[in-house]
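This is what each chain is made of:
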Amino acid sequence: MLRSPALRQLAFRRFESSAANKATETAKDAAGKAKEYQAKAAQGLSRVAGAAGPAIAGAARGLTSALSKVGGRTGKLISFIEKQTPQVVYYGKVALETGKIVFHAQKMSPPSLATFQSYYQSLWQSIRSGSILRSPQNLIQQVRSLTPGQLVTGGVVFAECLGFFTVGEMIGRFKLVGYRGETASHH
């Protein structure tokens, strides 16, 4: 009777379903334990982060209070730097974001690492060997070999720099011409 194919198939099905049920239960238990461990790990991480934040802030306050006790020129320099830090950080972030916008709008890309390395390695070698300063004829020859297009580009860049400098001077003086000063000191 056990050798009949119908009974063997029935026993196999029963064994198969019980093994599948056990595997499913084991997988569910493992998944539940994994979620429990994950929750415990997240809770421990939040505790560590919560404890580290005040500790770092306390260390920064201690350092700030220690530096504020320094007197003289060094103390003045430290207090000046502390006052300027938020503005520098803010304007640094503004410049970074503006640079990103300009790079994206102009479809610019930075040079490859190989190009950067080859250029600066040759520059560094010429500085170390002193060949950049030894040969004024080389510099004169390079100036003579400039094309008219390069000269025009250089002139435009020079005019832009001069214009920005002049506008900055006008803003700094609050006047278009001259500085405020004593007229009696002139002869």
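Residues numbered from 1 in each chain as written. Predicted model: local features only at pLDDT ≥ 70, side-chain atom pairs only at ≥ 80, totals over all residues. Heavy atoms only, no water.

In the annotation of an unreviewed UniProt entry, the entry for the chain reads Mitochondrial F1F0-ATP synthase g subunit, and the organism field reads Trichoderma longibrachiatum ATCC 18648. For the record of the chain, the UniProt heading Sequence similarities (unreviewed entry) holds the text "Belongs to the ATPase g subunit family." Recorded under Subcellular location (unreviewed entry), the UniProt text for the chain is reproduced unchanged: "Mitochondrion membrane". (UniProt positions renumbered as here; feature names shortened; annotations may be inferred.)

### Some remarks on the overall build of the chain
Helix and strand content of the chain: six helices and zero strands. Mapped from its N terminus to its C terminus, the chain presents α and β elements in the order α-α-α-α-α-α. Sorting the 187 residues of the chain into buried and exposed places 3% on the buried side. (Helix = DSSP H or I, 4+ residues; strand = E, 2+ residues; numbered from the N terminus. Buried < 20%, exposed > 50% of the residue type's maximum accessible area, 1.4 Å probe, protein only.)

### Regarding the pattern of salt bridges
Under the criterion given, the structure shown has two salt bridges. The partner of Lys100 in a salt bridge is Glu97, and the shortest N-O contact between them spans 3.4 Å. Placement of the pair is Lys100 and Glu97 together in helix H2 (residues 72–105), with a separation of three residues, close to one helical turn. Here Glu169 and Arg173 are joined by a salt bridge, their closest N and O atoms 3.4 Å apart. In this pair, Glu169 and Arg173 are both assigned in helix H6 (residues 148–173), four residues apart and thus about one turn of the helix distant. Of the residues examined, Glu169 reaches a relative accessible area of 25% and is grouped as partly exposed. The exposure class of Arg173 is buried, given its relative accessible area of 15%. (Salt bridge = Lys/Arg side-chain N within 4 Å of Asp/Glu carboxyl O.)

### Describing the packing of aromatic side chains
What the rule picks out here adds up to three aromatic pairs. Ring centres of Tyr90 and Tyr91 lie 4.9 Å apart, and the angle between their planes is 75°; on these two criteria the pair is classed as edge-to-face. Ring pairs connect the aromatic residues Phe116, Tyr119 and Tyr120, which therefore count as one cluster. (Phe/Tyr/Trp six-rings, centres within 6.5 Å; stacked < 30°, edge-to-face > 60°.)

### Here's the deal with a nonpolar patch on the surface
There is a patch of nonpolar side chains on the surface, built from Leu113, Phe116, Tyr119 and Tyr120 and spanning about 460 Å² of accessible area. By the secondary structure assignment, Leu113 is in helix H3 (residues 113–129). Note on Leu113: relative accessible area 58%, which makes it exposed. (Patch = residues over 30% accessible without salt bridge, like charges linked within 9 Å, V, L, I, M, F, W, Y side chains within 5 Å. Areas by Shrake-Rupley, 256 points an atom, 1.4 Å probe, with all protein chains shown as cover.)

### So, the confidence of the model for the chain
On average, residues of the chain score 78 in pLDDT, and 74% of them reach the 70 mark or higher. The lowest-confidence element of the chain is helix H1 (residues 5–68), averaging 68 in pLDDT; the highest-confidence one is H6, averaging 92. (pLDDT = per-residue confidence, 0-100.)

### Here's the deal with H2
Taking 1.5 Å of rise per residue, 34 residues should cover 50 Å, and H2 covers 49 Å from first to last C-alpha, within 8% of that figure. For H2, the principal kink sits at Gln84 and spans about 40°; a proline, Pro86, occurs within the next four residues. The first or second residue beyond H2 is Lys107, which carries a positive phi of 55°. (Expected span 1.5 Å × (residues − 1). Bend = angle between axes of the 7 residues up to and from the residue.)

### Side note on H6
The terminal C-alpha atoms of H6, which comprises 26 residues, lie 37 Å apart, in line with the 38 Å expected from a rise of 1.5 Å per residue. Positioned one or two residues after H6, Phe174 has a phi angle of 60°, which is positive.

### A few points about unusual backbone geometry
The backbone phi angle of Lys107 is positive, close to 55°, even though this residue is not glycine. Position of Lys107 relative to the elements: it lies in the loop between H2 and H3.

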